[in-house]
Amino acid sequence: MKILVSGATGYIGSHTVAELINAGFKVVAVDNLTNSSLESLKRVEKLFKCKIPFYRLDIRNKSALKKVFDKHSIEAVIHFAGLKSVNESILKPVEYYNNNLGGTFSLIEVMKEFNCKIFLFSSSASVYGNPQSIPIKENVPLSGSNPYSRSKIMIEQYLQDVFNTSDNYCLGILRYFNPIGAHKSGLIGEDPNDIPNNLIPFVSQVAIGKIKKLYIFGGDYETPDGTGIRDYIHVVDLAIGHIKALQVIMKKPQVLIANLGTGKGHSVLDVVKAFEKTSGRKIPFTIVDRRQGDIAISYADCNHANKVLNWKAKYKLDEMCEDAWRWQTLNPKGYN
Ligand code: NAD
Ligand code: WQD
């Protein structure tokens, strides 16, 4: 079965391509390389001794996309391509809405033209805003608090409208919690441009000495140690969740919505301790003011995903840190 993966050279895309190949799927990769490097795909090819067709294109360019669909018999699409920084989305809302919504519209329109009916979408736990209850279930009201999360909510609604009205469409909406870690091989991992925004890439750059210390955003949350709690999930568990979801949705027309997390929460200080243990390095930190827009606690209720996908995240925090550290030490400059 041939799958088109948009955003295939990005962090989650590259790990999912690896798991797709591992599971015997054929992959056609597309990306405009605005936030990634083609090297990630070359590493996957090296890992599996295979060739993956790659097209450098912007998915908003429908004629370029059509050429890819013309050339390959695409049976399903996994759609990762998008802009993903919450902070940047507040500064550049026009770009975020245009890219995230426009890219999805274009993909869906081309899929319709080519009668391709199976679609998996990367949504985010940020669609829950500041949740009323924890752990977070899929059926609670959504509430975006920034352009990024609102773009995800709008896309979810658009996709459900499109897929509910058309015959025989299979749609999966996967809401990721906090993906971290890297492939066991140490060949692929997260390679942020500039200074990282997210916790784990920041902590690993402190551990390797690129950044002096970690600033912990808030020590006065109503949590046991005062720091924020999140549901960190290994990127390989997340990638395998996509394979399971694909296998479920392609069986019959449906709209499937599932949280992909571990169901366990860890504080920032838990992460610091786990990373220190793994790396054998000290992580100096200072507790500063809360970061605007952050919430105290977020972790998933994973019962629905566990049941319908027959999937459960298997890696624990220590192993996620171990794999992130291996990637960091083997690739101190990322893919460059
Ligand atoms: P990433 O930036 O590493 O990957 C996204 C890829 O999409 C990049 O390679 C980028 O070059 C490409 N891209 C962006 N716009 C494009 C366009 N118009 N045409 C073609 N390619 C384009 O991000 P990621 O962490 O791998 O995230 C993948 C998806 O998962 C995103 O949609 C993101 O919003 C979502 N998500 C990520 C997280 C996270 O914490 N990483 C959490 C929840 C959801
Ligand atoms: C985790 C915890 C911070 C950095 C974001 C997006 C979300 C999703 C995943 C895309 C929080 C604390 C962080 C630092 C810190 N992405 N922290 N110092 O904010 O949970 O989620 O990424 O969909 O939409 O919002 O992830 O890794 O930034 O933060 O203290 O330098 O670490 O306050 O408690 P977050 P994160």
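Given the structure is predicted, the values throughout are model-derived calculations rather than measurements.

Got a minute to help me understand the pattern of salt bridges in this structure?
Between side chains of opposite charge, pairing is possible as soon as their charged atoms come close. Enumeration over the complete set of coordinates arrives at 16 salt bridges. Measuring nitrogen to oxygen at the nearest pair gives 3.7 Å for the salt bridge that ties E88 to K92. E88 sits in the partly exposed class, given a relative accessible area of 31%. Linking D294 and R291 is a salt bridge whose minimum nitrogen-to-oxygen distance equals 3.2 Å. Residue D294 is classed as partly exposed on the basis of its relative accessible area of 24%. Since its relative accessible area comes to 30%, R291 is described here as partly exposed. Shared partners join several salt bridges into a network, and the residues in it are K184, E319, D323 and R326.

Would you mind showing me how to read the pairing of strand β2 (residues 26-31) here?
As a general feature of sheets, a regular strand has side chains that alternate between the two faces. Along β2, 5 of the 6 residues are buried, which leaves the element largely enclosed by surrounding structure. As judged from the 5 bridges shared by strand β1 (residues 2-6) and β2, these two strands associate in the parallel manner. Across the sheet, residue K2 finds its bridge partner in β2, namely K26. Following the chain from β1 across helix α1 (residues 11-22) to the adjacent parallel β2, one finds a crossover that is right-handed.

Is there a simple way to explain the packing of helix α3 (residues 62-71) against helix α5 (residues 93-113) in this structure?
Put simply, α3 and α5 touch, their axes get as near as 10 Å, and they point 40° apart. Put simply, α3 runs oblique to α5. Helix-helix and strand crossings are classified by hand; for α3 and α5 the assignment is right-handed. The segment α3 lies against α5, with K62, L65, K66 and F69 engaging S106, L107, E109, V110, M111 and E113. Of the residues contributing to the contact of α3 with α5, the split by class is 5 nonpolar, 1 polar and 4 charged.

Sorry, what's going on with the sheet that holds strand β6 (residues 170-176) here?
Pairing between the strands of a sheet is mediated by backbone hydrogen bonds and can be parallel or antiparallel. Taken in spatial order, the 7 strands line up as β3-β2-β1-β4-β5-β6-β11 in an open sheet, and their pairing is parallel. The open sheet has two edge strands with one neighbour each: β3 (54-56) and β11 (254-260). Averaged over all pairs of adjacent strands, the angle between their axes in this sheet comes to 15°, without regard to strand direction. Here β1 pairs with strand β4 (residues 76-79) via 4 bridges, running parallel. Residue pairing across strands places L4 opposite V77, the latter belonging to β4. Against the sheet, helix α6 (residues 147-165) contacts β5 (118-124), β6 and β11, and its axis sits at roughly 155° relative to β5.

How should the site of ligand 2 be read in this particular structure?
Inspection of the region around ligand 2 gives 18 residues, with Y148, L199, Y215, R230 and D294 positioned closest. Within the backbone of L199, one N or O atom sits 2.8 Å away from an oxygen atom of ligand 2. Notes on ligand 2: free accessible area 680 Å², of which the protein chains cover 87%. The element contributing the most residues to the shell around ligand 2 is strand β8 (residues 214-217), with 4 residues. Here the shell around ligand 2 is built from residues that sort into 9 nonpolar, 6 polar and 3 charged.

Would you explain the nonpolar core in this entry?
One broad rule of soluble globular proteins: the nonpolar side chains tend to lie buried together. Counting 66 residues, the largest nonpolar core has V17, L20, L214, L246 and F275 as its most contacted members. At 8 residues, the largest contribution of residues to this core is made by helix α8 (residues 235-249). Excluding its chain neighbours within four sequence positions, the residues that come into contact with V17 are V5, A8, V27, L41, V44 and I52. Ranked by size, the runner-up nonpolar core spans 27 residues in total, among them L65, L107, F163 and Y169.

I'm lost on the packing of aromatic side chains in this one. Help?
How two aromatic rings sit relative to each other is given by the distance of their centres and the angle of their planes. Considering all chains together, one arrives at 7 aromatic pairs under this definition. Ring geometry for F105 and Y158: centres 4.6 Å apart, planes at 65°, overall edge-to-face. Taken together, the residues F105 in helix α5 and Y158 in helix α6 connect sequence positions 53 residues apart. Given the relative accessible area of 31%, F105 is considered partly exposed. Summarising the aromatic geometry, the rings of F119 and F163 are spaced 6.0 Å apart at their centres and angled 35° between planes, so their arrangement reads as tilted. Taken as a pair, F119 in strand β5 and F163 in helix α6 lie far apart in primary sequence, 44 residues in all. The class for F119 is buried, based on a relative accessible area of 0%. Through successive ring pairs, a cluster of aromatic residues spans F119, F163 and Y169. A cation over an aromatic ring shows up here: R290 above the ring of Y221, its NZ or CZ 4.1 Å from the ring centre.

The rules behind each value
- Residues numbered from 1 in each chain as written.
- Chains lettered and ligands numbered in written order.
- Predicted model: local features only at pLDDT ≥ 70, side-chain atom pairs only at ≥ 80, totals over all residues.
- Heavy atoms only, no water.
- Salt bridge = Lys/Arg side-chain N within 4 Å of Asp/Glu carboxyl O.
- Buried < 20%, exposed > 50% of the residue type's maximum accessible area, 1.4 Å probe, protein only.
- Helix = DSSP H or I, 4+ residues; strand = E, 2+ residues; numbered from the N terminus.
- Pairing = 2+ DSSP bridges.
- Right-handed = clockwise from strand over helix to strand, strands pointing away.
- Axes fitted to C-alpha atoms, helices over the stretch in contact; angles between N-to-C directions.
- Parallel < 35°, antiparallel > 145°, perpendicular 65-115°, else oblique.
- Left-handed = near helix turned anticlockwise from the far one by under 90°.
- Contact = heavy atoms within 4.5 Å.
- Nonpolar A, V, L, I, M, F, W, Y, C, P; charged D, E, K, R; others polar.
- Near = heavy atom within 4 Å.
- Polar contact = N/O pair within 3.5 Å; in protein donor to acceptor, adjacent residues only side chain to side chain.
- Areas by Shrake-Rupley, 256 points an atom, 1.4 Å probe, with all protein chains shown as cover.
- Core = buried A, V, L, I, M, F, W, Y, C linked by side-chain atoms within 4.5 Å.
- Phe/Tyr/Trp six-rings, centres within 6.5 Å; stacked < 30°, edge-to-face > 60°.
- Lys NZ or Arg CZ within 6 Å of the ring centre and 35° of its normal.

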